[in-house]
Amino acid sequence: MLLLNADDIRKVFTMEDAVRSDEEAFVMQAKQTTEVPVRINFEVKKNGITSFMPALIKDFPAAGIKIVSTYPDNAQKRMPAVTATTLLTDPETGVVNAILDGTELTRMRTGAVSGLATKLLANKDAETAALFGTGGQAMSQLEALLTVRKLSEVRIYDSNPEWTASFIDRASALAEKFNTKLVGAVSSDEAIDSADIITTVTTSSDPVFDGRKIKKGTHINAVGVFMPHKRELDEYTVTHADKIFIDNTEAIMSEAGEFLIPISEGKFSKESITGELGDLILGRVEGRTDSRQITIMKTVGFATLDIVIAYNVYKKAVAAGIGRYI
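In this report, the structure presented in the accompanying data block is examined. The structure displayed is predicted, hence computed values, not measured ones. (Residues numbered from 1 in each chain as written. Predicted model: local features only at pLDDT ≥ 70, side-chain atom pairs only at ≥ 80, totals over all residues. Heavy atoms only, no water.)

**Points about the sheet that holds strand S11 (residues 197-200)**
Backbone hydrogen bonds are what pair the strands of a sheet, in a parallel or an antiparallel way. Spatially, the 8 strands line up as an open sheet ordered S10-S9-S8-S11-S12-S15-S13-S14, and their pairing is parallel. In this open sheet, the two strands that pair with only one neighbour each are strand S10 (181-184) and strand S14 (275-276). In the sheet, S11 pairs with strand S12 (residues 219-222) via 4 bridges, with the strands oriented parallel. Opposite Ile 197, over in S12, you have His 219 as the bridge partner. Across the sheet, helix H4 (residues 138-148) is in contact with strand S8 (128-132), strand S9 (153-157), S10, S11 and S12; its angle to S8 comes to roughly 165°. (Pairing = 2+ DSSP bridges. Helix = DSSP H or I, 4+ residues; strand = E, 2+ residues; numbered from the N terminus. Contact = heavy atoms within 4.5 Å. Axes fitted to C-alpha atoms, helices over the stretch in contact; angles between N-to-C directions.)

The structure is reproduced here in structure tokens:
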């Protein structure tokens, strides 16, 4: 059994690799060459959820599972709000042959979803972005944005100003690498003012910005929450978007409060969703057709992404002799 920690993963896999891996996963999902049950969520304690996310990837073949916990209060302990472990099985014997740091994989594949969506949907000349949230997944979100668009400025906003300052300090080397200026926003309004791209990666139950104040042509990645009673985007943003893309229809219609809450109030319908990212990649639906269109990508995550990236990392690690066998 091969053990791969976060450092091992980073040695063999880049954000560019992760974006390609996610694109591969979306195509597989769209072609229905996977089996992916909706995740099982257990509310272990108040404000603490542990989820089990299995998948079979028939193309490889490979079967595996991610066990992921979302504990927002971990931030108070300076721990990641989202932690995970991913297991892969040998297709010939069914024995677990790899255990990977799922926290790092989740960061990379979730950041890469936003990176892929931004690559496909944001205006080519986008220069300014806003990033909401400074938790465990924020750095990969920032890295993904900088990887796919040449941004001159990224505004960082968190409800705790100290966390904003700390994040900017930790991200300084990344910003320098991409020649990007990081600015701490004192309010959500300041963060989104004239922003070309907005990414939300928070654990908030309520909308984190006022959709009436975004400019035409903005692309939005809504990443942070995956519970039917929580939403990072307000009703106005969702109902006034020109194109809405999602990662996985079944998961979205079970878990995305951004849509489920206004649907329950009769203010939104499933038919308003343009399609899945896989459909966009395969040319089944159109993406942005005008620079003034507002586009949204909502992701709640699904196990195909996790098992595809885990398998790709595993292959590269074995080839490079990285990791520890037990």
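**Remarks on the pattern of salt bridges**
Applying the stated criterion across every chain, the model contains 16 salt bridges. With a shortest N-O distance of 2.9 Å, Arg 109 and Asp 306 are connected by a salt bridge. One end of the pair, Arg 109, is in helix H3 (residues 102-121); the other, Asp 306, is in helix H12 (residues 303-320), and 197 residues separate them in sequence. Assigned by exposure class, Arg 109 and Asp 306 land together as buried. (Salt bridge = Lys/Arg side-chain N within 4 Å of Asp/Glu carboxyl O. Buried < 20%, exposed > 50% of the residue type's maximum accessible area, 1.4 Å probe, protein only.)

**Some points on the side chain of Asp 196**
You can see Asp 196 is positioned in the loop between helix H7 (188-192) and S11. What makes Asp 196 buried here is its relative accessible area of 15%. A polar contact is formed between the side chain of Asp 196 and the side chain of Lys 215, at a distance of 2.6 Å. In contact with Asp 196, other than residues within four places in its own chain, are Ala 126, Glu 127, Thr 128, Lys 215, Gly 217, Thr 218 and His 219. (Polar contact = N/O pair within 3.5 Å; in protein donor to acceptor, adjacent residues only side chain to side chain.)

**A word on unusual backbone geometry**
Peptide bonds are, in most cases, trans, and in most cases residues other than glycine have a negative phi. Pro 61 follows Phe 60 through a cis peptide bond whose omega is -15°. Tracing the backbone shows Pro 61 in the loop between strand S4 (48-57) and strand S5 (62-70). The phi dihedral of Asn 179 falls on the positive side, at around 55°, and the residue is not glycine. By secondary structure assignment, the location of Asn 179 is in the loop between helix H6 (172-177) and S10. Located in the positive-phi region is Ser 194, a residue other than glycine, with phi close to 65°.

**Here's the deal with the side chain of Asp 306**
Overall, the relative accessible area of 1% leaves Asp 306 in the buried class. At 2.9 Å, the side chain of Asp 306 and the side chain of Arg 109 are in polar contact. Leaving out residues up to four positions away in the same chain, Asp 306 has contacts with Met 53, Lys 66, Thr 106 and Arg 109.

**A look at the pairing of strand S13 (residues 243-246)**
Within a regular strand, the side chains alternate between the two sheet faces. Judged by which residues are buried, S13 turns out to be covered on both faces: Lys 243 and Phe 245 on one side and Ile 244 and Ile 246 on the other are all buried. Note that S13 and strand S15 (residues 295-298) share 4 bridges and pair parallel. The residue of S15 that forms the bridge with Lys 243 is Thr 295. Where S13 lies against S14, 2 bridges are found, and the strand directions are parallel. In the strand pairing of S14, Ile 246 is matched with Glu 276.

**Here's the deal with the packing of H3 against H12**
Two elements in contact, H3 and H12, have axes whose closest approach is 10 Å; the angle formed by their N-to-C orientations is 115°. One element, H3, and the other, H12, form an angle in the roughly perpendicular class. In this structure, H3 crosses over H12, and the sense of that crossing is right-handed. Together, Leu 105, Thr 106, Met 108, Arg 109 and Val 113 of H3 and Leu 305, Asp 306, Ile 309, Ala 310 and Val 313 of H12 make up the contact between the two elements. A breakdown of the residues in the contact of H3 with H12 according to their chemical character gives 7 nonpolar, 1 polar and 2 charged. (Parallel < 35°, antiparallel > 145°, perpendicular 65-115°, else oblique. Left-handed = near helix turned anticlockwise from the far one by under 90°. Nonpolar A, V, L, I, M, F, W, Y, C, P; charged D, E, K, R; others polar.)

**Side note on the packing of aromatic side chains**
Enumeration according to the criterion identifies 6 aromatic pairs in this entry. An aromatic cluster is present here, built from Phe 132, Tyr 157 and Phe 209 joined pairwise through their rings. (Phe/Tyr/Trp six-rings, centres within 6.5 Å; stacked < 30°, edge-to-face > 60°.)

**Some thoughts on the environment of Gly 278**
Within the fold, Gly 278 resides in helix H11 (residues 277-281). In the structure, Gly 278 is positioned 248 residues away from Ala 30 in sequence and 5.2 Å away in space, judged by C-alpha atoms. Those residues in contact with Gly 278 that sit more than four places away from it in its chain are Phe 26 and Ala 30.

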